[in-house]
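# Geometric and topological summary
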Amino acid sequence: MKPALPKQGSPPTDSIGAEKLDVVQISPVVEEILAATPIIDIHTHLFAPSFGKLALWGIDELLTYHYLEAEFFRSSHTSPEQYFALSKTQQAEAIWRALFVENTPISESTRGIVAVLKAFGLPTDRLNLAEARAFFQTQSLDAHIQRVFDLAGISLAVMTNDPLDPEEASAWLNGVPEHPQFRAALRLDKILKHWAANWQVLAAQGYQVDAQVSGESAAEVRRFLFDWYKRMRPVYMAVSLPDTFFFPAETLGNRLLAEAILPSCRELNLPLSLMIGVRLQVNPSLRLAGDAVGRADLRSLENLCRTFPQNRFLVSVLSRENQHELCVYARKFSNLMPFGCWWFLNNPSIVEEITRERIEMLGASFIPQHSDARVLEQVIYKWSNTRRTLAPILANAYRLLAEDGRSVTRNDIQRDVTRLFRSNAESWMNFNGR
Ligand code: RAT
Ligand code: ZN
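Here's what I pulled together on the structure shown here.

Here is what the cut-offs are and how they apply
Residues numbered from 1 in each chain as written. Chains lettered and ligands numbered in written order. Predicted model: local features only at pLDDT ≥ 70, side-chain atom pairs only at ≥ 80, totals over all residues. Heavy atoms only, no water. Helix = DSSP H or I, 4+ residues; strand = E, 2+ residues; numbered from the N terminus. Rg over C-alpha atoms; globule rule 2.2 N^0.38 Å. Contact = heavy atoms within 4.5 Å. Areas by Shrake-Rupley, 256 points an atom, 1.4 Å probe, with all protein chains shown as cover. Lys, Arg positive; Asp, Glu negative; His and termini not counted. Charge placed at Lys NZ, Arg CZ, Asp CG, Glu CD. Donors = N, O, S within 2.8 Å, 3.2 Å for Na, K, Ca; no water. Buried < 20%, exposed > 50% of the residue type's maximum accessible area, 1.4 Å probe, protein only. Phe/Tyr/Trp six-rings, centres within 6.5 Å; stacked < 30°, edge-to-face > 60°. Near = heavy atom within 4 Å. Polar contact = N/O pair within 3.5 Å; in protein donor to acceptor, adjacent residues only side chain to side chain. Nonpolar A, V, L, I, M, F, W, Y, C, P; charged D, E, K, R; others polar. Pairing = 2+ DSSP bridges. Axes fitted to C-alpha atoms, helices over the stretch in contact; angles between N-to-C directions.

## Section: the overall build of the protein
Along its length, the protein carries 19 helices and nine strands. Computed over the C-alpha atoms, the radius of gyration of the protein is 22 Å, within 12% of the 22 Å expected from 2.2 N^0.38 for a compact globule of 434 residues. Taken along the three principal axes of its C-alpha coordinates, the protein extends 65 × 60 × 40 Å. Excluding contacts between residues fewer than 6 apart, the proportion of contacts in the protein whose partners are at least 24 apart in sequence is 78%. Total accessible area computed for the protein in this model is approximately 18700 Å², and 51% of it derives from carbon and sulfur atoms. The protein carries 45 positive and 48 negative side-chain charges, and their two centres are separated by 3 Å.

## With respect to the coordination of the zinc ion (ligand 2)
The protein atoms that coordinate the zinc ion (ligand 2) are His-43 (NE2), His-45 (NE2) and Asp-372 (OD), at distances spanning 2.0 to 2.1 Å. Here the donor residues of the zinc ion (ligand 2) share one chain and are spaced in sequence as H-x1-H-x326-D. One end of the pair, His-45, is in the loop between strand 1 (39-41) and helix 3 (59-63); the other, Asp-372, is in the loop between helix 17 (348-362) and helix 18 (378-404), and 327 residues separate them in sequence. Pair check on accessibility: His-45 and Asp-372 agree, each one buried.

## Some points on the packing of aromatic side chains
All told, the structure shown has 19 aromatic pairs when counted by the stated rule. An angle of 70 degrees between the planes, with centres 5.2 Å apart, marks the rings of Phe-51 and Trp-172 as edge-to-face. A residue pair is termed long-range when its members are at least 10 positions apart, and Phe-51 in the loop between strand 1 and helix 3 and Trp-172 in helix 10 (residues 166-174) qualify at 121 residues. The buried category is assigned to Trp-172, whose relative accessible area is 4%.

## Some words on the site of ligand 1
The immediate surroundings of ligand 1 are formed by His-43, His-45, His-66, Tyr-67, Arg-187, Ser-240, Met-275, Trp-342, Trp-343, Asp-372 and Arg-374. Separating an oxygen atom of ligand 1 from a side-chain N or O atom of His-43 is a distance of 3.1 Å. Here an oxygen atom of ligand 1 and a side-chain polar atom of Trp-342 are 3.0 Å apart. Here ligand 1, which alone exposes 300 Å², has 94% of that area covered by the protein. For the shell around ligand 1, a count of residues per class yields four nonpolar, four polar and three charged.

## Regarding the sheet that holds strand 1
Hydrogen bonds along the backbone pair up the strands of a sheet, which may run parallel or antiparallel. Pairing is parallel across the open sheet formed by three strands, whose spatial order is 1-2-3. Sheet topology places strand 1 and strand 3 (182-183) at the edges, where each strand pairs with a single neighbour. Here strand 1 pairs with strand 2 (residues 154-158) via three bridges, running parallel. By the bridge assignment, Asp-41 is partnered in strand 2 with Ala-157. Relative to the sheet, helix 9 (residues 141-152) contacts strand 2 and strand 3, its axis offset from that of strand 2 by approximately 110 degrees. Each of strand 1 and strand 2 is contacted by helix 19 (residues 410-428), which is oriented at about 55 degrees to strand 1, the strand it contacts most.

## Regarding the environment of Phe-431
With respect to the helices, strands and loops of the structure, Phe-431 is situated in the segment after helix 19. Considering only alpha carbons, one finds Phe-431 and Leu-318, 113 residues apart in sequence, at a separation of 26 Å.

## Observations concerning the environment of Ile-39
Residue position: Ile-39 is located in strand 1. Residue classification places Ile-39 among the buried positions, given a relative accessible area of 1%. Residues Ile-39 and Phe-149, spaced 110 residues apart in sequence, show a C-alpha to C-alpha distance of 9.6 Å. When neighbours within four sequence positions are excluded, Ile-39 is seen to be in contact with Gly-153, Ile-154, Ser-155, Leu-156, Trp-383, Arg-387, Phe-421 and Arg-422.

## Examining the side chain of Thr-389
Mapped onto the elements, Thr-389 comes out in helix 18. The class of Thr-389 is buried, set by a relative accessible area of 13%. The residues contacting Thr-389, other than those within four sequence positions of it, are Pro-348, Val-351 and Glu-352.

Structural data, given as structure tokens:
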């Protein structure tokens, strides 16, 4: 049986003593290494430029991010109905006025906009968006992407690719040219969570599937996934699951998971990413901003990791209350890789708590963050915030280690940061398929 988790790290050299850092050097060296190590952003909703309108960028898209829309309705008398009837530019102006002019932008998402404007040398305190719009309108997308990736310190972004989204599917069917900075992830939500509404789409494409997932259905879903694998060359498959998800249980989704998705992942040597804990549309009038969070029963993960030892599971859980259990399960199952501080967790106070806990329980054997960016320039502030939060946490871990009797070297720190930012992802995902 091949090991589920390729082990990381390199043997220590006998030069530890020669390079050891004084306690006062630890912080600056950690900061320097964090700044200089390019990140693989393993989960975004960004698209390569060849996807046309699906690739979102610029100030109006940044301001109408659903994280900001949720905050807008708390500080404006505009109703969701009135807001969604506006044009995109009017929506952006309403949000700018409510959250940046009439209020101080102290929340995480509003500060992010300020940080992006500053990164491009744009004013952050104007009454309107004229200068910001003029700047973004004059950028050429390819050069702008390179600049944004450089500013964010990332080398690669993994997209979220839905083969059952008509707009996206037609781009793939017409052929998507390779882009050095974007890779695909095959998203399965429509198949796993909404089979009743989607099986006929597969049937219409010539796959012998039915509403009950009987007969050849599972084998045909595997054929569908293989066909899409050839088109997308994804680095993993993925699904977001509700807090009520449980495995095993007699559901069509679980049958598809066990008989189609997991066998395909094994055959294609791809991990399956499970993002667990979303409560979809608790307030549908807010649209994309209308989802919430619920605590999940992570015995599902235990059951999956134990029942399918040949599968690799990349897991992010949305509820703060589930974080400790996730670490415990990662200690039990080496085919489980915790990743990211997702969505409502992506705030410095919570990221700090989760990351500290992960380091204490798992060393460097986890993936600390993903951006979940939907708009290109968001990676600038999200990754700057991640580095800023990580720096004192890592420095503190090395300081404690030094106090306990093992000095650290620059190589130790670089090895850990490389593992956290890149090589845990590289060893788990299939980046060579394309
Ligand atoms: O963080 C988000 O933007 C959410 O709306 C979701 O997209 C989530 O990240 C997901 O991938 O389902
Ligand atoms: Zn996401």
